[in-house]
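Here's the letter readout for the chains.
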Amino acid sequence: MIMFGIAEIAFSQIPDFDQIWWLSIVAAVMSFTYSSIGLALGVAKVVAAGGFKGSLTGISIGTVTQTQKIWRSFQALGDIAFAYSYSIILIEIQDTLKSPPSESKTMKKATLVSIAVTTAFYILCGCMGYAAFGDLAPGNLLTGFGFYNPFWLLDIANVAIVVHLVGAYQVYCQPLFAFTEKWAAQKWPHSDFITKEIKIPIPGCSPYSLNLFRLVWRSAFVVATTVISMLLPFFNDVVGILGAFGFWPLTVYFPIEMYIVQKKIPKWSTRWICLQMLSVACLIISIAAAAGSIAGVVLDLKVYHPFKTSY
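Scoring rules and cut-offs
- Residues numbered from 1 in each chain as written.
- Predicted model: local features only at pLDDT ≥ 70, side-chain atom pairs only at ≥ 80, totals over all residues.
- Heavy atoms only, no water.
- Axes fitted to C-alpha atoms, helices over the stretch in contact; angles between N-to-C directions.
- Helix = DSSP H or I, 4+ residues; strand = E, 2+ residues; numbered from the N terminus.
- Parallel < 35°, antiparallel > 145°, perpendicular 65-115°, else oblique.
- Left-handed = near helix turned anticlockwise from the far one by under 90°.
- Contact = heavy atoms within 4.5 Å.
- Patch = residues over 30% accessible without salt bridge, like charges linked within 9 Å, V, L, I, M, F, W, Y side chains within 5 Å.
- Areas by Shrake-Rupley, 256 points an atom, 1.4 Å probe, with all protein chains shown as cover.
- Salt bridge = Lys/Arg side-chain N within 4 Å of Asp/Glu carboxyl O.
- Lys, Arg positive; Asp, Glu negative; His and termini not counted.
- Charge placed at Lys NZ, Arg CZ, Asp CG, Glu CD.
- Buried < 20%, exposed > 50% of the residue type's maximum accessible area, 1.4 Å probe, protein only.
- UniProt positions renumbered as here; feature names shortened; annotations may be inferred.
- Phe/Tyr/Trp six-rings, centres within 6.5 Å; stacked < 30°, edge-to-face > 60°.

Moving on: the packing of helix 3 (residues 66-83) against helix 9 (residues 235-263). Axis angle and axis distance: for two packed helices, these are the angle between their axes and the distance between the axes, and together they describe the pair. Closest axis-to-axis distance for the helix 3/helix 9 pair is 7 Å, and the angle between their directions is 65°. Of the possible angle classes, the one that applies to helix 3 and helix 9 is roughly perpendicular. Crossing of helix 3 over helix 9 shows left-handed handedness. Note on element contacts: helix 9 touches helix 3 through Asn236, Asp237, Val239, Gly240, Leu242, Gly243, Ala244 and Phe247, opposite Gln75, Gly78, Asp79, Ala81 and Phe82.

On the surface, Lys105, Lys108, Lys263 and Arg271 cluster together into a positively charged patch. As for its placement among the helices and strands, lysine 105 is situated in helix 5 (residues 103-133). Residue classification places lysine 105 among the exposed positions, given a relative accessible area of 58%.

Let's shift gears to the UniProt feature "transmembrane region" (unreviewed entry) in the protein. Here the UniProt-annotated "transmembrane region" (unreviewed entry) positions come out as residues 20-44, 110-131, 151-172, 215-235, 241-261 and 273-299. End C-alpha atoms of residues 110-131 are separated by 31 Å, and the span's content is 100% helix alongside 0% strand.

Quick look at the packing of aromatic side chains now. On inspection of all chains with the given rule, the structure shows eleven aromatic pairs. Ring geometry for tryptophan 183 versus tryptophan 188: centroids 5.5 Å apart, planes at 85°, classification edge-to-face. Overall, tryptophan 188 belongs to the partly exposed group, its relative accessible area being 42%. Pairing phenylalanine 193 with phenylalanine 213 gives two aromatic rings, centres 6.1 Å apart and planes at 75°, and the pair type is edge-to-face. Of the two residues, phenylalanine 193 sits in helix 7 (residues 192-195) while phenylalanine 213 sits in helix 8 (residues 212-231), which places them 20 residues apart along the sequence. Exposure remark for phenylalanine 193: the relative accessible area of 39% places this residue in the partly exposed category.

Right, here's the structure in full:
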């Protein structure tokens, strides 16, 4: 985690979101790589076992209690919600597109394709992973040591995960970095610490613009998130919490309200009622996901010692 944090400090100094397009492409390729490996290994294990493990109703009562099964089901909703909480970077991506065609048309097509592809991969990996291991399926098939052979293929998949997460971290954090720096520049426009750009010559490349505020603020943010990650290394629980808190307001509520205003949909009309019902349903799912994920963290903390890993 410390090595990951050091790498992110370096990549975080890339000034603008549109300058990390190459990192985003690399991350996407890595995502397909480890997902495909996990899917292929799951299929191979099912074939080798001669059938599917598990059941349609999920993990058996006895392996976990009824209450634990309910909490885990709610937590799973948060994990799924996190996978689709990309709206916070949607506008940032759209701002980097060139027209014609119009940015909105390009984004609609890109969103449709990306949702279809990722959903297909998620369903296949989830179903085949459960079919391969049944009640003993780990939360993360690759890093949870669900597969032991072949080692070289597992190593490739784990490297792909690391590279993907390095890129994904930047894609999600760059808009936050830019927002904070823009706010600080407007608040203190005459501060050299915040606004001054120092040109550093790089042989064979264009000069790098060093901003002291950007260096300190972004480095401090990465250090803080790294320390929190080391204190709370509960992957599924934390992902569920982030998904629960980010999904409804950013992915559902605000887009629906903006759509209603833009299209001037009359209050209490059939379309308005349907949209509100969708929003309320997603709110209920988010609340349930948050409850399940928080319960998972509480249970994990009972047996966890900070900065120590048990095997």
